[in-house]
Each structure stands twice: as C-alpha cells, then as structure tokens.
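The primary structure of each chain is shown beneath.
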Amino acid sequence: MKSIFQHIKGDRAIWAIVTVLAIFSFMPVYSASTNLVYVVGNGSTIGHLIKHVVLLITGFAVIYGVHKVPYRYFSGGSALMLPIVILLLIFTMAQGTVIEGANASRWIHIPFVGIGFQTSTLAGLVLMVYVARYLARNKEKQIQFKDSLLQLWLPVGLVLLLVLPANFSTTAMFFTMILLLVFIGGYPLRYIGYILGMGLFSLLFFILVAKAFPDAMPNRVNTWQSRLESFSKSEGAESYQVEKAKIAIATGGAIGKGPGKSVQKNFLPQSSSDFIYAIIVEEYGLLGAILVVFIYFLLLFRILITAKKATTIFATLMVIGVGVPIVFQAMINMAVAVNILPVTGQTLPLISSGGTSIWMTCFALGMILSVSASKNETEETILDDNPLDILHETID
C-alpha cells in the first residue's frame, strides 16, 4: 500500500475528495438504475453498477496517467487538439445519433466499446486550456482587440457555434467560464464587454435563423422554449421530471428514507444521471444533501489553493479554467433538481452515471494534480512551448 502512495503525486486532499465522491456514487447509481431496468427495460441494476464502477476505475487510471504528464505539455497540446476538436464537432453535428427516438446530435458512439462519447465535453476542456495559453503568452503585452479576435475569439466562437445547436446549456456554461477566465487573466474589461455583446447578438441571430429555417435545426429552439415555459408555468415533460424531483426531496426529510429506499426513482426519468441529486436527498435526507454540497465546495477550495500555489501564470489559469467548471456544473445540476433553474441536462460530476462526463472530469482533475505535483516549471519553459516540439517529444 505504501508503494502505491509513493507513485501518487499532487494534492492529496483532491485525491481524497475524488475518491469519496466516487465511492459515494455507488449506492445512488445502483438504486436509481432500477428506473432503467424496470421502466425502460434496459439491463439489470447490477449491470449498471458494474458499468459505473468500470467507468470510475478507468477514470482513476486517466487521473493517474494525466497527473504524471508535465503540465507544460497541455499548453502546446491544446493548440494541436483544437483543430481535431473542431473536426470532431463537425462530424458529430453531421451524423448525430438517435437515442430512444430523440435527436441526440451531441453524441458519437465509440466503436467496439458501446459507449456514447459527448464531443462537447472534450471541446470544453481543450478550449479552456487554449484560452489559458493565450492569456499567459500575452500577459506582458498590450492586447489589441483586433489581434485577439483572430487568435483567441475566432477559435472560441467557432467551437461554441458548433456546440450550440445541440446543447445550449453547455454552450452557456463554456461562454460564462471563458469570460471569467479572461477577466482573471487580465483581458481588458471593455473588450470583455464587446465580446459579451457579440455573444448575445450571435445567440439572437441563431434563434432567428432557427425559427426561419426550422428544417435545418429541428426541435432545438423549440426545446429551449418548452423548457423555459415548463419552468415558469409548471407544464410539460420537463415539469413532470421536476415535480417528481420535488416530491423526492420533500419526502427525504432530515435523514432520508435510507439507502436504496427511494420511491420516486421508479417514476423519475434520468434518475441515475441528470436528477440523481433528488434521489440522494430522498434516500439520505437534508444531511446527505448538505454533505454533497460541502464536498464539492471543499473540492473548489482545493482547486483554488492549487491555482494560488502554481508557479506560472499558465498553470494558475489552466487550473481555474478546467477546475471551476466541475463545481459549477455540480451546482447547476443540484439547482435543477431543487427547481431553481430550468432543466439543462448537466450531470453531477463523478456521481451521475455516464462515461464521457466521468472521463473528462477525471482528465481535468489529472491536469490539476499535475500542476500541484510540479515544483520546477518556470514561466519561460511554458511561454516558449511549441506545439510541434511537444508532439515530437511525445512521439519520442
């Protein structure tokens, strides 16, 4: 056991928090998967649990492998990966998939594995590192808005534009996190105002085009509209999910009904993914609900500590860029479950079932741990990175 810990580097508190979240997720996923088994008719509860455990084990393997990589590789790597991500998004949009009769153009299937891969989650990770790279490389320069439009905002805008038709909530989260990151990175405030205005105008233009040509992007704007209407008027399919989630939360009480004793899991769609927090509250009560929130905020605290201790600007910005969205996504998921926000489709990181979310969250955590494990990187080694040199080093 001691030899295993010798190979684990970085912030031990983050390792512990992630392990606690992963182990805690076993019972809620096992319990909530009864909906998939008896209502949807998909697999068995043990099968869903085993799949979840395997995904978490591979996720921890991803954390371990990534945290061993010097974080300076991620800087140039983001520049190499960005064109690949854009091509993947175009491919995903072009072919899409249909899941249970619904258009799910945010997914592609991984051959031979049988798991859907959500390309937008990879895109978000690469995009955050790319923005951190740009800000770090231009920290000492006078940023010109015209130059930054081409170098920074064109790639950002292209990725967001490709994600938007299939997933508005993810696009909005990426855009918010990027604005936060450029603000922290010292990007001129008036330019941020310009970008915010351009982003809102682009969204309005997209909605108008989608309304004018409904066959080009079927159901997307209508889906957003129906979710907002059901949130405000308590009508529709989304309202049904929220009502069942509210019943689960209301009947949980202070200490809950006990592990595996949820009733609403049998009626609540997406009980093992989007609405798993409602099942947690029903089974573990107010104490369980507060504990989960506390653990995520503890993770946020350790992420910010890692960012503060980082020895380079790029490391600080990268940790914030890939770390804060994990907790932000968790807050969105829990806010939806308690009916503070309309239904978004965001999962609860490391607790909800789902392969892509777990893997990308683990990749981000590995990058953060790589920074916390590094003591020798300097600003010069990061700023002088060349993507082709990094590719050459990796191949060698």
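Reading guide: rules and limits
Residues numbered from 1 in each chain as written. Predicted model: local features only at pLDDT ≥ 70, side-chain atom pairs only at ≥ 80, totals over all residues. Heavy atoms only, no water. Salt bridge = Lys/Arg side-chain N within 4 Å of Asp/Glu carboxyl O. Helix = DSSP H or I, 4+ residues; strand = E, 2+ residues; numbered from the N terminus. Buried < 20%, exposed > 50% of the residue type's maximum accessible area, 1.4 Å probe, protein only. Axes fitted to C-alpha atoms, helices over the stretch in contact; angles between N-to-C directions. Parallel < 35°, antiparallel > 145°, perpendicular 65-115°, else oblique. Left-handed = near helix turned anticlockwise from the far one by under 90°. Contact = heavy atoms within 4.5 Å. Nonpolar A, V, L, I, M, F, W, Y, C, P; charged D, E, K, R; others polar. Expected span 1.5 Å × (residues − 1). Patch = residues over 30% accessible without salt bridge, like charges linked within 9 Å, V, L, I, M, F, W, Y side chains within 5 Å. Areas by Shrake-Rupley, 256 points an atom, 1.4 Å probe, with all protein chains shown as cover. Phe/Tyr/Trp six-rings, centres within 6.5 Å; stacked < 30°, edge-to-face > 60°. Lys NZ or Arg CZ within 6 Å of the ring centre and 35° of its normal.

Colleague: Hey, could you go over the pattern of salt bridges for me, with residue numbers and the actual values?
Modeller: Applying the stated rule across the entire model yields three salt bridges. Taking the shortest distance from any N to any O, the salt bridge between Arg302 and Asp11 comes out at 2.7 Å. With Arg302 in helix α12 (residues 276-309) and Asp11 in the loop between α1 (2-7) and α2 (12-32), this pair connects stretches of sequence that are 291 residues apart. Neither Arg302 nor Asp11 differs from the other in exposure class; each is buried. Note that Lys246 and Glu243 form a salt bridge whose closest N and O atoms lie 3.5 Å from each other. Taken together, the residues span about one helical turn, with Lys246 and Glu243 both in helix α11 (residues 236-252) at a distance of three residues. Assessed through its relative accessible area of 34%, Lys246 is described here as partly exposed.

Colleague: Can you lay out the packing of helix α7 (residues 145-163) against helix α9 (residues 189-212) for me, pointing to particular residues and giving the numbers?
Modeller: Two elements in contact, α7 and α9, have axes separated by 12 Å at closest approach and are oriented at 55 degrees. It follows from the interaxial angle that α7 and α9 lie oblique. Read as a crossing pair, α7 and α9 show a hand that is right-handed. Touching Phe145, Leu149 and Trp153 of α7 are Tyr191, Tyr194, Ile195 and Met198, all from α9. Looking at the contact of α7 with α9, its residues break down into seven nonpolar, no polar and no charged.

Colleague: So what's going on with α9? Which residues, and what values?
Modeller: One turn of the α-helix equals 3.6 residues, which is why residues spaced by three or four share an orientation. Given a rise of 1.5 Å per residue, 24 residues ought to cover 34 Å, and the 35 Å separating the end C-alpha atoms of α9 matches this to within 8%. Those residues of α9 that sit buried are Tyr191, Ile192, Ile195, Phe206 and Ala210.

Colleague: Talk me through unusual backbone geometry; I want residue IDs and the actual numbers.
Modeller: A positive phi angle, close to 70 degrees, is found at Asn339, a residue other than glycine. Note that Asn339 resides in the loop between α13 (313-337) and α14 (355-373). For Leu350, which is not glycine, the phi torsion reads 70 degrees and is therefore positive. One can find Leu350 in the loop between α13 and α14. Classification of Leu350 by relative accessible area gives buried; the value is 1%.

Colleague: Lay out a nonpolar patch on the surface in plain terms, naming residues and giving numbers.
Modeller: Together, Leu180, Phe183, Ile184 and Leu189 make up a nonpolar patch on the protein surface, roughly 380 Å² of accessible area in all. Top element by residues in the nonpolar patch is helix α8 (residues 168-184). It accounts for three residues. Among the secondary structure elements, Leu189 is positioned in helix α9.

Colleague: Explain the packing of aromatic side chains to me, using residue names and the numbers behind them.
Modeller: According to the stated counting rule, one finds seven aromatic pairs in the structure shown. An angle of 75 degrees between the planes, with centres 5.8 Å apart, marks the rings of Trp153 and Tyr187 as edge-to-face. Taken together, the residues span a long stretch of sequence, with Trp153 in helix α7 and Tyr187 in the loop between α8 and α9 at a distance of 34 residues. Classification of Trp153 by relative accessible area gives buried; the value is 8%. Members of the aromatic cluster, each reached through a chain of ring pairs, are Phe145, Trp153, Tyr187, Tyr191 and Tyr194. Lying over the aromatic face of Tyr73, Arg72 brings its terminal NZ or CZ to 4.8 Å of the ring centre.

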